[in-house]
Amino acid sequence: EINRAGGVNGRKLELVLYDDEGNNTRTVTGVKRLIEQDEVLVILGPTGSGNTLSAIPLVEKARVPLISYALSVKIVDPIKKYVFQYLPNDVHSVEQTVQDMKAHGFTKVAMTYVANAYGESGRDQLRLFAPKAGITIAEELSYGEKDTDLTPIVTRVAGSGAQAVMNWSVSP
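Reading the values: rules and limits
- Residues numbered from 1 in each chain as written.
- Predicted model: local features only at pLDDT ≥ 70, side-chain atom pairs only at ≥ 80, totals over all residues.
- Heavy atoms only, no water.
- 1 Å grid on protein atoms, 1.4 Å probe; cavity = no way out; pocket = protein on both sides within 12 Å on 5 of 7 lines; lining within 4 Å.
- Points joined across faces, edges and corners; volume = space filled by probe spheres on them.
- Helix = DSSP H or I, 4+ residues; strand = E, 2+ residues; numbered from the N terminus.
- Pairing = 2+ DSSP bridges.
- Contact = heavy atoms within 4.5 Å.
- Axes fitted to C-alpha atoms, helices over the stretch in contact; angles between N-to-C directions.
- Right-handed = clockwise from strand over helix to strand, strands pointing away.
- Parallel < 35°, antiparallel > 145°, perpendicular 65-115°, else oblique.
- Left-handed = near helix turned anticlockwise from the far one by under 90°.
- Core = buried A, V, L, I, M, F, W, Y, C linked by side-chain atoms within 4.5 Å.
- Buried < 20%, exposed > 50% of the residue type's maximum accessible area, 1.4 Å probe, protein only.
- Salt bridge = Lys/Arg side-chain N within 4 Å of Asp/Glu carboxyl O.

Asker: What is the right way to read the layout of surface pockets from this model?
Answerer: Here the idea is plain: a probe the size of a water molecule rolls over the atoms and shows the empty space left. By volume, the largest pocket is sized at about 740 Å³. Around the largest pocket sit 26 residues that line it, and Val-16, Leu-34, Val-40, Val-42 and Ile-43 are the ones nearest its centre. Where the lining of the largest pocket is concerned, the elements lending two or more residues are α1 (24-36) and β1 (43-44). Broken down by element, the residue count for the lining of the largest pocket peaks at 7 residues, all from α1.

Asker: I tried to follow the sheet that holds strand β3 (residues 83-85) on my own but got confused; where do I start?
Answerer: Backbone hydrogen bonds hold the strands of a sheet together, and the pairing may be parallel or antiparallel. A sheet is described by the order of its strands in space; here 3 strands give the open sequence β1-β2-β3, paired in parallel fashion. Edge positions in the sheet fall to β1 and β3, since each of these pairs with one other strand and no more. Pairing analysis gives 2 bridges linking β1 to strand β2 (residues 66-68), with the strands arranged parallel. When the sheet's bridge partners are listed, Ile-43 is paired in β2 with Leu-66. Contacts from helix α2 (residues 49-62) reach β1, β2 and β3 within the one sheet, and its direction differs from that of β2 by about 165°.

Asker: Help me understand the environment of Leu-126, please; the structure alone is not making it clear to me.
Answerer: With respect to the helices and strands, the residue Leu-126 is situated in helix α4 (residues 117-132). In this structure, the C-alpha to C-alpha distance between Leu-126 and Ser-93, residues 33 residues apart in sequence, is 9.9 Å. Residues in contact with Leu-126, not counting those within four places in the same chain, are Val-94, Val-98, Val-109, Met-111, Pro-131, Ile-137 and Met-166.

Asker: Please clarify how the pairing of strand β5 (residues 136-143) should be interpreted in this entry.
Answerer: Looking along a regular strand, one sees side chains alternate from face to face of the sheet. Taken together, the 7 bridges between strand β4 (residues 108-114) and β5 define a ladder with parallel strand orientation. The residue bridging Lys-108 from the neighbouring strand is Thr-136, located in β5. Taking the sense of rotation as the criterion, the β-α-β connection linking β4, α4 and β5 turns out right-handed.

Asker: I tried to follow the packing of helix α3 (residues 90-103) against α4 on my own but got confused; where do I start?
Answerer: How two helices sit against one another is set out by the angle between their axes and by the gap between those axes. At a closest axis distance of 9 Å, the pairing of α3 and α4 adopts a crossing angle of 45°. In terms of orientation, α3 and α4 fall into the oblique class. The handedness of the crossing between α3 and α4 is right-handed. Along its contact with α3, which presents Asp-90, Val-91, Val-94, Glu-95 and Val-98, the element α4 presents Tyr-118, Ser-121, Gly-122, Gln-125, Leu-126, Phe-129 and Ala-130.

Asker: Explanation requested: the nonpolar core in the structure shown.
Answerer: Membership of the largest hydrophobic core comes to 17 residues, with the highest contact counts inside it found for Val-94, Val-98, Leu-126, Ile-135, Met-166 and Trp-168. When contributions to this core are tallied by element, the ones reaching two or more residues are α3, β4, α4 and β6 (164-168). Not counting the four nearest positions on each side in its chain, Met-166 is found in contact with Val-94, Thr-97, Met-101, Ala-110, Met-111, Thr-112 and Leu-126. Counting residues in hydrophobic clusters, the runner-up holds 13 residues, among them Val-40, Ile-56, Ala-70 and Ile-75.

Asker: Before we go on, may I ask you to explain the pairing of β4 in this structure?
Answerer: Where burial is concerned, most of β4 is hidden: 6 out of the 7 residues are buried. Looking at chain direction, β4 and β6 are connected through 5 bridges and run parallel. Paired with Ala-110 across the strands is Val-165, a residue of β6.

Asker: Can you walk me through the pattern of salt bridges in this structure?
Answerer: A side chain of one charge can pair with a side chain of the opposite charge if their charged atoms are brought near each other. Counting across every chain of the model gives 6 salt bridges. Close ionic contact of Arg-123 with Asp-124 constitutes a salt bridge, the shortest N to O distance being 2.8 Å. Close ionic contact of Asp-124 with Arg-127 constitutes a salt bridge, the shortest N to O distance being 3.9 Å. Pair noted here: Asp-124 and Arg-127 are both in helix α4, with a separation of 3 residues, about one helical turn. Classification of Asp-124 by relative accessible area gives partly exposed; the value is 24%. For Arg-127, a relative accessible area of 42% puts it in the partly exposed group.

Structure representation (structure tokens):
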């Protein structure tokens, strides 16, 4: 409908897609291509925190707005002129989760997280909010994005005395 009406400022809308496969290097390559070759007006994505963080210097320099679907608060804190988050960031999510843990009477929790920007950002928020709620972090354990055997992690959590486990990950 917008294109039939002449587009935006005389420019028709076009969807340009690139798959970064969750790889920061591919994100940078794709963002450069979107800015320099495709001359896009706005970028929607990436969906990964690390991918978004790798794109920020490029879009800020080029003054191309980027709307990220990733959750790390590091994407928007400190505030950037051309970078926005579509979803609530991990500050809100972790704060609410901690409040729910407190409401259920949990005072000792274990934290497991994927070793990337997203997982580390969630861990950082738990470190901030748990003590304020009177919750002790019994164990903090990270694992790789491609790890398939988390037995050592589960074993340590089981022996930590934690009453609950918070896992901050979208993989494996």
